[in-house]
Amino acid sequence: MKPLLLGLPRALPVTGAGAKRTESALPGENAVLLGTIEQIKLQLPGWEVPTNLSEDGWCATQVRHAGHHCLVITSQTDRGVLYGVFELLRKITLNQPLARWNEHQNPCAPVRMINQWDNLDGSIERGYAGKSIFWENGHIASDLTRVGNYARLMASVGINACAINNVNADPRVITTPYLPELKKVAAAFRPWGVRLVVCIDFSSPKKTGGLDSFDPLDPRVQEFWKSRAEEIYTQIPDFGGFVLKADSEGRLGPSAYGRTHADAANVIARALKPHGGLLFYRGFVYDHHMDWRNPKNDRARAAYDNFAGLDRKFDQNVVIQIKNGPIDFQVREPASPLFGTLEKTSEAIELQITQEYTGQQRHLCYLVPMWKETLDFDLHARAAGGTPVKALVAGNVFHQPHGGFIGVANVGRDTNWLGHHMAMANLYGFGRLAWNPDLSAGQIEAEWAELTFGSDRKVLETVKQMQLASWRVYENYTGPLGAGGLTDIIGVHYGPGIESSERNGWGQWHRADQQGIGMDRTTATGTGFIGQYSLVVAGRYESLKTCPDELLLFFHHVPYGYRLHPGNTVIQHIYDTHYRGAAEVLDWVSQWKSLKGRVDDQRFEDVLASLEYQAGHAVVWRDAVCQWFLKQSGIPDKRGRAGHYTNRIEAEAMKLDGYESIAINPWETASGGRAVQCVVSNGTGSATVTWQGKLGWFNLHVQYFDENDGISCFRVLVSGQVVDQWDAADVLPSNLPNGHTSTRRTVRGVALRPGDEIQIEGRADAGERACLDYLEIEPAHE
Ligand code: GCV
């Protein structure tokens, strides 16, 4: 009953106290009746019991009883009733009629889980919204209010399990002293039907269990896992199970003893089985020390190579948890071929809600359209009828019992959970898709936007345009044609760093050189990865004629002059999309501004600030990628933009006082590869230029570096008059001047006369030397 009471006041503001009255028997008046089928039967003896509900499914029906009208919401389980109630709240908030509401819904799959990558010290790996709500100082947080609220949030979209610690797991989590702490989280989750899951370290028997081995075939190791499971279930009878990352990115695994992933998974699954627990074994297993010089090496092959041969070897309560694509949550990847290959093993798709490679919640990027492309993609697996990924992971194709959807969310203590207000559409969308992957990205967005912002048509239309375009826009100004990460692969995965993926063992290679770009993954001449797909799919990707342009560079290495299907060359596509993408974000800023007064002030200002930042950072991306490819290929942009910045004055070309010119690394992340910094730490500097243009009104874009090792401050003066000043206090993920920290401040509507001196003053602070990249002056149109 809790969610109804919490939801009704907002949903039905005019119903008054009556809506808050709850009773445990029929009230002799019209009523909403909530309960499991067993409970409803007791109240309505002649009632026709619904027979079409799976576990967690719900049904809403209209019933007449003793002259009164009842809206009955029921399910086989309490959890299902809860989901039905959340649907009721959704309908009320969306102003949908209830009078004839007769519907039943069953979730598409039993596994609908969130993974949090939270560390025990309270930090979150790839988390962009503050500290952990679960952990602090090595223990479960003392105040679990947010945890309870999060459970409610998850339940509202049908999520029924949550793993609360990093897959790079700390082995202490399942030791005896931690169990009373885990018990508290399970208790906060329970009213909302969310089961607690934790991530484990495969070497635990040795690290914390007092054994000299973690060999899965060692009976002492088997006993260790059995006793861990027993002790956990004694404290938490509805515990969900474990997630295991083994033999990947330095995590220990069965290879230490020459054992297979099936040996590793089964020893733990058998310990969980008597208690009904599941073992989620991550398919994200690869060698990060691969020899990059060998053109046949390919990280994309890893999941299939590691797991396909083990199908039939896993116990029934093992679920292979597979990332949507074969690499690692890049902005564009094909579906992992492993989904279509496992026939005798339960599998779940792992989607990344936290925007590790898609703008880290500083950029708006609605990911549901991307997930939909994967979920709807038919892998042509060996089964009759269509075999889209959504049906494969739900277990519907090969009749596996525990399939589903796993989302890496990484919410934090920020009041809006994910840092960027718009990012919540991804968490909402993940839950909705896990419940029903047939919903469209547009339907989900429309629901989310109205639930979030209310029913103002202009707001909804604007939010829709931005959200639905945002994934492609992000792709446009970052990575082209499936080339994969052009970001800083060996660092924070945020700003541009085109070469960082090359010449190292991590395997996110795009192989761009002076002649061309792309990974040759063909069976004919490349790594053979394409051969992991069914014949139909492989045939489509293998041929340049049929390979879709958006994945061209994922599958093929082509020269820059290669023509895409519309006839434009790869290099011109790179220039065009990057310029288009940056322009599209800039346009969002004005679209959003037109909503002033229609969205509450706080969210209006927050989103505006994010979009303005994004527009600046999109230019950083655009220029880095275009500069780099221009230099490599030597082929000019036929529209004359790349490398020519007519309104730009490089800081190093200005008159410097207290500033010195420095090279930026990687070079492409600063205009012309250079910037200026204060000569003395904690000192001041000024960069001055004389305006030689016409008289008029202008916007001044100051491109500077806002590192996280100090708060420097800036002033802009025109002929001695201060026109703007600010502190470089943003939290961006580097303490160096580079593509992560490059940001812009726009001073709007400044009057300039020929001969005016424009001066930018910087005051360094601690390690941050008030670095400046350039000043761009453009006519003000507003
Ligand atoms: C939790 C990528 C991320 C890692 C993450 C890993 C995984 O490599 O960068 O932070 O580790 O994926 O999914 O295990």
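All chains use their own residue numbering, which begins from 1 and follows the written sequence. This being a predicted model, a pLDDT of at least 70 is required before a residue's local features are given, and a value of 80 or more before pairs of side-chain atoms are given or counted; all residues contribute to the totals for chains, interfaces and linings. Processing note: side-chain calculations cover all non-hydrogen atoms of the structure and skip hydrogens and water entirely.

Brief notes about the overall build of the protein
Alright, step 1. Helix and strand assignments come from DSSP, with helices taken as H or I runs of at least 4 residues and strands as E runs of at least 2, each series counted from the N terminus. A tally of helices and strands in the protein yields 18 helices and 27 strands.
Alright, step 2. For the protein, whose C-alpha radius of gyration is 28 Å, the value lies close to the compact-globule estimate of 28 Å for 782 residues.
Alright, step 3. Taken along its principal axes, the extent of the C-alpha atoms in the protein is 90 × 65 × 55 Å.
Alright, step 4. When each of the 782 residues of the protein is scored for burial, the buried share is 60%. As defined in this context, the radius of gyration uses C-alpha atoms, and a globule is described by 2.2 Å times the residue total to the power 0.38. Here the term buried applies to any residue with accessible area under 20% of the maximum for its type, exposed to any over 50%, and partly exposed to those in between, with areas from a 1.4 Å probe on protein chains only.

Focus: the sheet that holds strand E2 (residues 58-65)
Alright, step 1. Two strands qualify as a pair provided that DSSP identifies no fewer than 2 bridges between them. With mixed pairing, four strands are arranged side by side in an open sheet as E1-E3-E2-E4. A strand with exactly one partner marks an edge of an open sheet, and here the two such strands are strand E1 (31-36) and strand E4 (103-105). This sheet shows a mean twist of 25 degrees between the axes of neighbouring strands, independent of strand direction.
Alright, step 2. The pairing of E2 with strand E3 (residues 68-75) spans eight bridges and is antiparallel. When the sheet's bridge partners are listed, Ala60 is paired in E3 with Ile73. Where helices are involved, their axes are fitted lines through C-alpha atoms of the stretch in contact, as for all axes, and angles between N-to-C directions lie from 0 to 180°.

Looking at the packing of aromatic side chains
Alright, step 1. Pairing of aromatic side chains here covers Phe, Tyr and the six-membered ring of Trp, requires ring centres within 6.5 Å, and sorts the geometry by plane angle: under 30 degrees stacked, over 60 edge-to-face, intermediate tilted. Within this structure, the stated rule accounts for 34 aromatic pairs.
Alright, step 2. Members of the aromatic cluster, connected to one another through ring pairs, are Phe377, Phe529, Tyr533, Tyr541, Phe554 and Phe555.
Alright, step 3. Any Lys NZ or Arg CZ that is within 6 Å of a ring centre and within 35 degrees of that ring's normal is treated as a charge sitting over the ring. Lying across the ring of Trp667, Lys631 places its NZ or CZ 4.5 Å from the centre.

Brief notes about helix H5 (residues 179-189)
Alright, step 1. By the burial criterion, the buried members of H5 are Leu179, Glu181, Leu182, Val185, Ala186, Ala188 and Phe189.
Alright, step 2. Any two residues having at least one pair of non-hydrogen atoms within 4.5 Å are treated as being in contact. Elements in contact with the buried residues of H5: strand E6 (135-136), strand E7 (139-140), helix H4 (145-156), strand E8 (161-163), strand E9 (195-200) and helix H7 (219-235).

Notes on the site of the ligand
Alright, step 1. By convention in this text, a residue qualifies as near a molecule or strand provided that one of its non-hydrogen atoms is within 4 Å of it. Close to the ligand lie 14 residues, the nearest being Glu125, Glu249, Arg282, Lys323 and Glu356.
Alright, step 2. N or O atoms within 3.5 Å of each other form a polar contact, as long as, within protein, one can give a hydrogen and the other can take it, and as long as residues adjacent in sequence are counted only when both atoms are side-chain atoms. Within the contact set of the ligand, an oxygen atom lies 2.7 Å away from a side-chain nitrogen or oxygen of Lys245.
Alright, step 3. Side-chain polar atom of Lys323 to an oxygen atom of the ligand: 2.6 Å apart, as the coordinates give it.
Alright, step 4. Using a 1.4 Å probe, accessible areas were evaluated by the Shrake-Rupley method; residue-level cover was limited to the displayed protein chains. Burial of the ligand by the protein amounts to 96% of the accessible area it has alone, namely 340 Å².
Alright, step 5. Residue composition of the shell around the ligand, grouped by class: three nonpolar, three polar and eight charged. Any residue that is not Ala, Val, Leu, Ile, Met, Phe, Trp, Tyr, Cys, Pro, Asp, Glu, Lys or Arg is counted as polar, Gly included; the first ten are nonpolar and the last four charged.

With respect to the sheet that holds strand E23 (residues 713-718)
The strands making up a sheet are joined through hydrogen bonds of the backbone, oriented either antiparallel or parallel.
Alright, step 1. Taking strand neighbours across the sheet as the criterion, the five strands line up as E18-E21-E26-E23-E24 in an open arrangement whose pairing is antiparallel. Of all strands in the sheet, those with a lone pairing partner are strand E18 (655-657) and strand E24 (721-727), marking the two edges. On average, each strand axis in the sheet is tilted by 15 degrees relative to the strand beside it, whichever way the strands run.
Alright, step 2. As defined by bridge partners, E23 adjoins strand E26 (residues 757-763) across six bridges and the pair is classed as antiparallel. Within E26, the residue paired with Val716 across the bridge is Ile760.

Comments concerning the confidence of the model for the protein
Alright, step 1. Values of pLDDT, which run from 0 to 100, indicate the predictor's confidence residue by residue. Per-residue pLDDT for the protein averages 96, and the proportion of residues at 70 or more is 97%.
Alright, step 2. Note on residues 9-18: pLDDT is under 50 here. Beyond four places in sequence and across chains, it has seven contacts.

Considerations on the pattern of salt bridges
Pairing between side chains of opposite charge can happen when their charged atoms approach one another.
Alright, step 1. Take a side-chain nitrogen of Lys or Arg and a carboxyl oxygen of Asp or Glu: if they are within 4 Å of each other, that pair is a salt bridge. Under the counting rule described, the total for this entry stands at 49 salt bridges.
Alright, step 2. Asp328 is the salt-bridge partner of Arg299, the closest N and O atoms lying 3.6 Å from each other. One end of the pair, Arg299, is in the loop between strand E11 (278-282) and helix H9 (302-307); the other, Asp328, is in the loop between strand E12 (318-323) and strand E13 (346-352), and 29 residues separate them in sequence.
Alright, step 3. Two residues, Arg748 and Glu612, come together in a salt bridge whose shortest N-O distance is 3.6 Å. Pair noted here: Arg748 is in strand E25 (residues 742-752) and Glu612 is in helix H18 (residues 601-633), with a separation of 136 residues, a long-range link.

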